[in-house]
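Here is how the chains run, residue by residue.
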Amino acid sequence: MPRRQAPLDDYASAVPQIILSSSDAEFLDHLMPVLKDAANSKRTPALMQCLTRYSEDREADIERIGLTKHEEFLDSVSRLQHVREGTVNLTAEILKLNQSIQASTEKLAEQKGALVNTKAIRQNIADATDALKDSLQVLHAVNHAHDLVRRKKYYSALKSLDDLQNEHLVPILQNRYATQHRLADVIQKSIPGSQKAISEAVMTDLNTWLFRIRETSQFLGEVAFYHTELRRSRQRKRVEDDQFLSNFKLNSSIELVCDESEEFDVMDNEELQVDFTPLFEALHIHDALGQTDRFRSEYAATRRQQKDLLLPNSVELLADDESSLSSLLEGIAGFAIIEKATMRRLPHLRSPADVEELWESMCSAAINLTSRALSDVGNAEILLKIKGFIALFIQTMEGWGYSIATLDSFLLALFDKYAELLKRRFSEDFQEIVSTDDYMPMAINSVEEYEKVINVSWFAQDQPTEELTFPCVLPFSQMYPLCCIDIRNFLNQFYFFSDDHFQHSDVIDETLRKSLDELLTEKVCQSLVERLSSQYLGQIVQILINLEHFEIACQELEQLLIRARSSTSAGGPLKLNATEEFRNNKKTAEKRIFELVNSKIDDLVDTAEYDWLTPTVPTEPSNYMQTLTRYLSNIMNSTLLGLPREIKELIYFDALSHAANKILALPLSQEVKHINANGVSALAQDVEYLTEFVASLENGQMLRENLDELQQTVNLMQSDNHDEFFDISIRNKKYGRVDALNGPLLLEKLTPVTHATARNAPLSNLSSRFAMMK
């Protein structure tokens, strides 16, 4: 027990010591013993008397000081009043404290009795403290696990829960009488919930990662496409340096080996980094929880949902924004690349069958969207651009090991559409060229213009360029080089489709052959044939010349197509039906020229006005004969000049043969009953004029054979001895070309000028001779 403090005998010395304390704490330290002593000894009035006396003494001192130091006194008075107020307040507080001390003194006895019981309580507290420490360790482990979850250290949290269970909870639970048994049981029951919370937190992070991955897919595809384009450029450069490498396409073993020095990780580069840590952690956590199968199923379902969100309802092939085909393909490529990368990193999470199923589904959806939008495309260049996107997509994904059979098949359908649009466009071009042509020989004004035409046309000039004088005229009309330009463009446009990736070059070769055949046959040849109905001989002649050159062009095209076709196409000769069409329709044009020339000859001969019974002999050839020879000369030297020599000779041969028959038909006409010698002389004079004209022509000797029948018939009519005609041996020598029927008919019409009675001579004699001759 502490020793009780001795009571104070005199408060007079204690009061100054209390008042003059340097701090509040020291003031209370001095004041408290005095108050306790005054309360215990009931000497409170004495204490109050001492305090009052001390106060009066201090007031007396203050008055004294105030009288000597008035200003300082006034200042001190003011401060003293504040002190007094504080003193009064302090006095009230002291009184209250005194009352409180008295009350606590009464309770002290009671508390002293209660201290006796504290030892037992203290022991209980010690036991409770030990139990509490053990419980705090368990709670600390629980809180540590939850803190690790908050810091996203999920596996450490899971391991911490496992350690908690093995190190703390299991021993406590095994001791049924342990104080912490109930707490351990509660925590043990909460562990599955904590594990579920960890699983949900991991899945939340994984879903956030999947969302970012989905947002990154298009950019990832764009980076992959850009890298493929760079590989293309490097491969083209290698092919330029070594043509042997042209046999190896992109993604071939040779190309991959050549490109080894240009390593590029599309998943980790300066522009893009794809971190798979959240996925690894999620799989690791679920594997630790024994929920791998459920996680695999949920992940697959999530990826299928993301795939559906990736695909739009429609695609715009004519736009260049987020709804365009390129954006769709970039998104699909990025999605598929992540799937393939996931499968390579976590083979047991994503099976090849799952990845291929998603891939085929996305490809089918992209093809369906593109096919629906193709109906709005009417420009072959746009289709070529679309093919470029798809080819880049195919080459990129082929490098990641994806099957491209479906996309290859779609490229075939796209090529059919492309070929159709090309054929339609060039069909319109050919029709316009044919319909707007002037069908006149093409005039060339300079060497530059001549070389341009020669470079685009299949035309071999006999004369070197240096020997030509300008302006000059080429045999064909302007339509021929224009069509040649279109044909070359058509070929180039077709083979543009085979650039980059297209595995069906043989289809291009065959489709090109058929399309080119149809265009040349239906749009060029047939259009030219339709214009053969023209009555203008010059136009018909020009069409014939054009047909001749188109036939040559087709033969050159056949060789060009053989050289250009791929190694996968069937070998052997290649024939264009258009070649035969142009060749056959040259005959049609020749016949039309024959018709027009012969029609003109008919018109001229029909103007002949022979007076078969004229009393006088004409002194000059008939007007129609002069016009006829002039016409034949003009067409030969102008209209037919551009034709090949053999065709010109054939036309001339036919025209002279027709003219001879037409002239011979004049005296044979049923309207002509009688012909006298003067009429025969007029006819003979015209025939001689015609013969001389023909003899003056090139190959005139050969062409004169067409006039043999006419000339021999006139000779027969002028002969004095008509009986020679009925003597077979003499007739074969002198009149072998005279028709056996026409000769007697003309002889019957002859009427001698000097014998008028011959007009009425019987015909029985000639008729009988004719019968005997037969």
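Small disclaimer: the values here were computed from a predicted structure and weren't measured.

(A) Expanded view of the overall build of the protein. Looking only at helices and strands, one finds 27 helices and 4 strands in the protein. Within the protein, contacts between residues at least 6 apart in sequence are counted, and of these 74% link residues at least 24 apart. Accessible surface, the protein as shown: approximately 43,000 Å² in total, 51% of it carbon and sulfur.

(B) Examining empty space enclosed by the protein more closely. Summed over all chains, the structure comprises 2 cavities of 30 Å³ or more. What the second largest cavity holds in volume is close to 40 Å³. What lines the second largest cavity is Leu 325, Leu 329, Ala 366, Ile 367, Thr 370, Ile 390, Leu 407 and Phe 410. Broken down by element, the residue count for the lining of the second largest cavity peaks at 3 residues, all from helix H12 (residues 352-373).

(C) Broad picture of the packing of aromatic side chains. This model, assessed by the stated rule, comprises 18 aromatic pairs. Among the aromatic residues, those joined into a ring-pair cluster are Phe 459, Phe 476, Tyr 480, Phe 550 and Phe 582. Here Lys 340 stacks its cationic end above the ring of Tyr 402, 4.4 Å away from the centre of that ring. It is Arg 731 that lies over the ring of Phe 725; its NZ or CZ is 5.4 Å from the centre.

(D) Main features of the pattern of salt bridges. One pass over the full model with this rule turns up 20 salt bridges. Two residues, Asp 308 and Lys 307, come together in a salt bridge whose shortest N-O distance is 3.1 Å. For Lys 307, a relative accessible area of 10% gives the class buried. The residue Arg 645 makes a salt bridge to Glu 649 at a minimum N-O spacing of 3.1 Å. With Arg 645 and Glu 649 both in helix H21 (residues 645-668), this residue pair falls 4 residues apart, about one helical turn. When its relative accessible area of 47% is taken as the criterion, Arg 645 is described as partly exposed. Its relative accessible area of 27% is what places Glu 649 among the partly exposed residues. Look at the salt bridges and you will find they share partners, linking Glu 548, Glu 551, Glu 580, Arg 583 and Lys 586 into a network.

(E) Geometry of the packing of helix H19 (residues 577-606) against helix H20 (residues 623-639). Between H19 and H20, whose axes approach to 9 Å, the crossing angle comes to 160°. With respect to each other, H19 and H20 are oriented roughly antiparallel. The hand of the H19/H20 crossing is right-handed. Between H19, through Leu 596, Val 597, Lys 600, Ile 601, Leu 604 and Val 605, and H20, the contact on the second element is made entirely by Tyr 624, Thr 627, Leu 628, Tyr 631, Leu 632 and Ile 635. Looking at side-chain class alone, the contact of H19 with H20 contains 10 nonpolar, 1 polar and 1 charged residues.

(F) Structural detail: the side chain of Asn 598. Its location among the elements puts Asn 598 in helix H19. Asn 598 gets classed as buried once you look at its relative accessible area, which sits at 13%.

(G) Molecular detail of the packing of H21 against helix H24 (residues 708-718). The geometry of H21 relative to H24 is characterised by a closest axis approach of 8 Å and an angle of 25° between their N-to-C directions. In terms of orientation, H21 lies roughly parallel with respect to H24. Residue-level inspection shows Ala 660, Asn 661, Ile 663 and Leu 664 of H21 in contact with H24, the latter providing Glu 709, Leu 710 and Thr 713.

(H) The environment of Leu 519, seen in detail. Tracing the backbone through its elements, the reader meets Leu 519 in helix H17 (residues 505-530). With 96 residues separating them along the chain, Leu 519 and Lys 423 place their C-alpha atoms 7.3 Å apart.

(I) Representation of a negative patch on the surface in the model. Taken together, the side chains of Glu 448, Glu 451, Glu 466 and Glu 467 present a region of like negative charge at the surface. Within the secondary structure, Glu 448 is located in helix H15 (residues 447-456). Given the relative accessible area of 53%, Glu 448 is considered exposed.

(J) Representation of the nonpolar core in the model. Of all hydrophobic cores here, the largest spans 175 residues; its most connected members are Ile 593 and Leu 632. No other element matches the 13 residues that helix H14 (residues 405-436) contributes to this core. Aside from chain neighbours lying at most four places away, what touches Ile 593 is Leu 537, Ile 540, Val 541, Leu 544, Leu 640, Leu 643 and Ile 651. One finds Ala 14, Val 15, Phe 27 and Cys 50 within the second-largest nonpolar core, a separate group that totals 12 residues.

(K) Local environment of the side chain of Ser 327. You can see Ser 327 is positioned in helix H11 (residues 325-345). There is a polar contact of 3.4 Å between the side chain of Ser 327 and the side chain of Gln 218.

(L) Geometry of helix H13 (residues 380-398). The end-to-end C-alpha distance of H13 is 26 Å, a good match for the 27 Å that 19 residues give at a rise of 1.5 Å each. Here H13 has its buried residues at Ala 380, Leu 383, Ile 386, Lys 387, Ile 390, Ala 391, Leu 392, Phe 393, Ile 394, Gln 395, Thr 396 and Met 397. The opening residue of H13, the one whose side-chain oxygen lies 2.8 Å from the backbone nitrogen of Glu 381, is Asn 379.

(M) Region of the structure containing unusual backbone geometry. Here Phe 470 and Pro 471 are connected by a cis peptide whose omega angle stands at 0°. Mapped onto the elements, Pro 471 comes out in the loop between H15 and strand S2 (472-474). Notably, Tyr 439 is not glycine yet its phi reads approximately 50°, a positive angle. Within the element layout of this structure, Tyr 439 appears in the loop between H14 and strand S1 (442-444).

Cut-offs and rules
- Residues numbered from 1 in each chain as written.
- Predicted model: local features only at pLDDT ≥ 70, side-chain atom pairs only at ≥ 80, totals over all residues.
- Heavy atoms only, no water.
- Helix = DSSP H or I, 4+ residues; strand = E, 2+ residues; numbered from the N terminus.
- Contact = heavy atoms within 4.5 Å.
- Areas by Shrake-Rupley, 256 points an atom, 1.4 Å probe, with all protein chains shown as cover.
- 1 Å grid on protein atoms, 1.4 Å probe; cavity = no way out; pocket = protein on both sides within 12 Å on 5 of 7 lines; lining within 4 Å.
- Points joined across faces, edges and corners; volume = space filled by probe spheres on them.
- Phe/Tyr/Trp six-rings, centres within 6.5 Å; stacked < 30°, edge-to-face > 60°.
- Lys NZ or Arg CZ within 6 Å of the ring centre and 35° of its normal.
- Salt bridge = Lys/Arg side-chain N within 4 Å of Asp/Glu carboxyl O.
- Buried < 20%, exposed > 50% of the residue type's maximum accessible area, 1.4 Å probe, protein only.
- Axes fitted to C-alpha atoms, helices over the stretch in contact; angles between N-to-C directions.
- Parallel < 35°, antiparallel > 145°, perpendicular 65-115°, else oblique.
- Left-handed = near helix turned anticlockwise from the far one by under 90°.
- Nonpolar A, V, L, I, M, F, W, Y, C, P; charged D, E, K, R; others polar.
- Patch = residues over 30% accessible without salt bridge, like charges linked within 9 Å, V, L, I, M, F, W, Y side chains within 5 Å.
- Lys, Arg positive; Asp, Glu negative; His and termini not counted.
- Charge placed at Lys NZ, Arg CZ, Asp CG, Glu CD.
- Core = buried A, V, L, I, M, F, W, Y, C linked by side-chain atoms within 4.5 Å.
- Polar contact = N/O pair within 3.5 Å; in protein donor to acceptor, adjacent residues only side chain to side chain.
- Expected span 1.5 Å × (residues − 1).

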